Amino acid sequence: MNSLFTVTGTVLCVHLPEEIDHHTANSLCAETDCLIQKKHIRSVLFDFSETTFMDSSGIGMLIGRYKLMRFMGGVVMAVNVGPRMKRILVMAGINKIMDIFEEMPILG
């Protein structure tokens, strides 16, 4: 597990890179799915604090993880979302399937 991922109990936090494009989205999908299965994850937090660019591959990556977690009875959230990334997420309709927070919410 590299520094992009932290697991606390059944919560996986994915610290997204500065840019999410086709190449980074594919590896994020694979590694996130692997951790969800291995660690019995119930909540996935996508941390956007460092992210300044995301294309449709990133949107697809988020939707895919949402579908997986919904199937497994879990939840997905976007956290530390700045104004620019929030605009992209809202335009893509991500706000309709997952909660978007400007800061890290207090969990539990």
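Above this text sits the structure in question.
Because the structure is predicted, anything quoted here is derived from the model rather than measured.

Chemist: Would you mind going over the packing of helix α1 (residues 22-38) against helix α2 (residues 56-71) with me for this structure?
Modeler: In a pair of packed helices, the angle between the axes and the distance between the axes together describe the arrangement. The geometry of α1 relative to α2 is characterised by a closest axis approach of 9 Å and an angle of 15 degrees between their N-to-C directions. Between α1 and α2, the crossing angle belongs to the class labelled roughly parallel. Where α1 crosses over α2, the two elements pack in a sense that is right-handed. Every residue of α2 that contacts α1 at H22, A25, L28, C29, T32, D33, I36 and Q37 is listed here: S57, G58, M61, R65, L68 and M69. When grouped by side-chain class, the residues that make up the contact of α1 with α2 number 7 nonpolar, 5 polar and 2 charged.

Chemist: Can you walk me through α2 in this structure?
Modeler: Spacing of three or four residues puts side chains on the same side of an α-helix, whose turn is 3.6 residues. Between its terminal C-alpha atoms α2 stretches 22 Å, which fits the 22 Å expected from 16 residues at 1.5 Å a residue. Among all positions in α2, only G58, I59, M61, L62, R65, Y66, L68 and M69 are buried. Buried residues along α2 sit against β3 (19-20), α1, β4 (43-47), β5 (53-54), β6 (75-79) and α3 (83-91). Structurally, the start of α2 carries an N-cap: the backbone nitrogen of S57 is 2.9 Å from a side-chain oxygen of D55.

Chemist: I'm lost on the pairing of strand β2 (residues 11-15) in this one. Help?
Modeler: Successive residues of a regular strand alternate their side chains across the two faces of the sheet. Here 4 bridges tie strand β1 (residues 5-8) to β2, and the two strands are oriented antiparallel to one another. Within β2, the position partnered with T6 by the bridge is C13. In this antiparallel pair of consecutive strands, β1 and β2, the connection spans 2 residues, and G9 shows a positive phi of 65 degrees.

Conventions adopted
- Residues numbered from 1 in each chain as written.
- Predicted model: local features only at pLDDT ≥ 70, side-chain atom pairs only at ≥ 80, totals over all residues.
- Heavy atoms only, no water.
- Axes fitted to C-alpha atoms, helices over the stretch in contact; angles between N-to-C directions.
- Helix = DSSP H or I, 4+ residues; strand = E, 2+ residues; numbered from the N terminus.
- Parallel < 35°, antiparallel > 145°, perpendicular 65-115°, else oblique.
- Left-handed = near helix turned anticlockwise from the far one by under 90°.
- Contact = heavy atoms within 4.5 Å.
- Nonpolar A, V, L, I, M, F, W, Y, C, P; charged D, E, K, R; others polar.
- Expected span 1.5 Å × (residues − 1).
- Buried < 20%, exposed > 50% of the residue type's maximum accessible area, 1.4 Å probe, protein only.
- Polar contact = N/O pair within 3.5 Å; in protein donor to acceptor, adjacent residues only side chain to side chain.
- Pairing = 2+ DSSP bridges.

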